[in-house]
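# Structural features, examined
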Amino acid sequence: MFVFIKQGENKMVEAQKEEMGLPILGQKAPDFEALTTQGTLRLSDYKGTWLILFSHPADFTPVCTTEFMAFAEIYDELKKRNVELLGLSVDSVSSHIAWIRNCEEKMGVKIPFPIIADLNKDVARKYGMIHPEQSKTETVRCVFIIDAESKIRAMLYYPLTTGRNMSEILRLIDALQTADKHKVATPANWKPGDPVVVPAPSTAEQAEERLKQGYECKDWYLCTKKIPESE
Amino acid sequence: MPCVSPDGKPTTSGMTTLKALKNAALSPEEIAVKTGQPLFRVRSGLRELKSAGFVEEAEDKYKLSKTGEIAIQ
C-alpha cells in the first residue's frame, strides 16, 4: 500500500515538474503559438533572428512600466544586433493594448514590439515563468535569450520587486554573439572592445604552443587576446 | 490579426505584403527586405493571408491568388 502511495506521489511530482517546465541552456526553446498585440505568433516565426522573450508580472504596474519603456529604448540597438523582443504576461490583449497606448500617451514612449497575452499560461508553464513562492498567478521577470537556431542561450530570472538592467541584457547579447563569431569566451565584467578569453587548451601540446602565439597569458590556462575592431 | 481584419479584408500591412507579390513569387525573407517589415511579422501575416485565400504557397515562395489579385486592384 505504502509503495503505491509513494509511486502515486512521485508521479504527481513529475507531472507538476513537467507542467511547470524548466528550460535548459542549449536546448531548443519550447515551441508555442500565442495571441499577441501584433497577431498570432509562433516561435518559428523568429527563425533566423535572435529573440529576447521576456515576461512581466502585470500590465499597469509601476516597475513593469519602467521596464517596458526601457526595453523600447534599447529596441533599435537590439535590431542592429539582429535581435527581436517579445513580451509576455497573463493579461489579455485588450489590457496590453490599453497599457501600451497609455505608455505612449502618458510617458511618450511607443512600444514597438509584440506582447503575448498568455491568459491560460500555456507559454508561461513551458518556460517556467511562474514561481509560486513569488506569485501563484503572475509571471516573474524572466528573460530568455534565444538564438537564430531557436536554442536557449541565456536565462535571467528576477523577482517581482526588481526591475531588469538593460545594459546587462545588451552586454549579454554582445558577449554571446562575440563568443559565437570568434570562438572565444568573455571574462567577468567584459564589454565590447575589451580583451576576450582564449579557450583553455585541452592537451599539454596545445598548452605549450599557445604560450608562443602572442596572447597575453597570466598562465597557460588563462590567456586573453584583443579582437581587431574591423572584425 | 495584423494582415486580415475581422471582416475578411486585408489590413494596411496585409496590403503591403500583397502588393509586394504583384509581379513575382517571393520568399518571406524577400518580402521582408522588399517591404521593410520584420521577418516574424511577414511570416505571421503570410499565414493569415494564406488562410484567408489571398496568397498561395509553392516551394517556400508565396504568390497572389485570384482573390489576392482582385484585392490589390
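All values reported here derive from a predicted model rather than from experimental measurement. Sequence positions are assigned chain by chain, starting from 1 and proceeding in written order. Chain A is the first chain written and ligand 1 is the first ligand written, with later ones labelled in order. Totals for whole chains, interfaces and linings use all residues, but because this is a predicted model, local features are given only for residues with pLDDT of at least 70 and pairs of side-chain atoms are given and counted only at 80 or more.

## Here we look at the overall build of chain B
Counting its regular elements, chain B contains four helices and two strands. The order of helices and strands in chain B, counted from the N terminus, is α-α-α-β-β-α. Against the globule reference of 11 Å for 73 residues, chain B gives a C-alpha radius of gyration of 10 Å, in line with a compact fold. If you line up chain B on its principal axes, its C-alpha atoms span 30 × 20 × 20 Å. Sorting the 73 residues of chain B into buried and exposed places 41% on the buried side. Placing C-beta atoms from the backbone, we regard two residues as in contact once those atoms come within 7 Å. Contacts in chain B between residues at least 24 apart in sequence constitute 47% of all its contacts with a sequence separation of at least 6. For the purposes of this entry, the term helix denotes a DSSP run of H or I that reaches at least four residues, the term strand denotes a run of E that reaches at least two, and both are numbered from the N terminus. C-alpha atoms define the radius of gyration, and 2.2 Å times the number of residues to the power 0.38 defines the globule rule. Partly exposed residues are those falling between the two cut-offs: more than 12 but fewer than 20 other C-beta atoms within 10 Å of their own, whereas 20 or more means buried and 12 or fewer means exposed, with C-beta atoms placed from the backbone.

## Quick word on helix α1 (residues 12-20) of chain B
Two residues of an α-helix separated by three or four positions point the same way, owing to the 3.6 residues in each turn. Residue and element names in this part refer to chain B. Within α1 the residues assigned to the buried category are Gly-14, Thr-17, Leu-18 and Ala-20. All buried residues of α1 lie within an arc of 160° about the axis, which places them on one face of the element. Residues of α1 that are buried sit in contact with α2 (28-35), α3 (39-51), β2 (61-64) and α4 (66-71). Here the arc refers to the directions that run from the helix axis out to each C-beta atom.

## Overview of the nonpolar core
Residue and element names in this part refer to chain A. One nonpolar core equals one set of buried Ala, Val, Leu, Ile, Met, Phe, Trp, Tyr and Cys residues connected by C-beta atoms within 7 Å. If you look at the biggest cluster of nonpolar residues, it comprises 38 residues, and the most contacted ones within it are Ile-52, Leu-53 and Leu-88. At the level of secondary structure, the elements contributing two or more residues to this core comprise β3 (50-55), α2 (62-80), β4 (83-89), α3 (93-107), β5 (115-117), α4 (122-126), β6 (141-146) and α5 (166-182). Examining the composition of this core, we find that five residues originate from one element, β3, more than from any other. Residue contacts for Ile-52: discarding those within four places in its chain leaves Val-83, Leu-85, Val-143, Ile-145 and Ile-169.

## Looking at the interface of chain B and chain A
Taken together, the contacts link nine residues of chain B with nine residues of chain A. Amino acids outside the nonpolar list (Ala, Val, Leu, Ile, Met, Phe, Trp, Tyr, Cys, Pro) and the charged list (Asp, Glu, Lys, Arg) are all regarded as polar, and Gly is one of them. Across the side of chain B that touches chain A, the residue classes tally to five nonpolar, one polar and three charged.

## Points about the sheet that holds strand β9 (residues 216-219) of chain A
Read from one edge of the open sheet, three strands run β8-β10-β9 (chain A), paired in antiparallel fashion. The sheet is open, and its two edges are formed by β8 (196-197) and β9 of chain A, each paired on a single side. A pair of strands is treated as paired once DSSP finds two or more bridges between them.

## Some thoughts on the pairing of strand β2 (residues 39-42) of chain A
For strand β1 (residues 33-36) of chain A and β2 of chain A, the ladder comprises four bridges, and the chain directions are antiparallel. Considered in β2 of chain A, the bridge of Thr-36 of chain A is made with Gly-39 of chain A.

## A closer look at the domain arrangement of chain A
By a frequent convention, interface size equals the accessible area lost on bringing the separate parts together. When its domains are assigned, chain A resolves into domain 1 (2-165) and domain 2 (183-225). Reported domain spans reflect what an automatic or database domain assignment gives. On a C-alpha basis, the centroid separation for the pair domain 1 of chain A and domain 2 of chain A is 36 Å.

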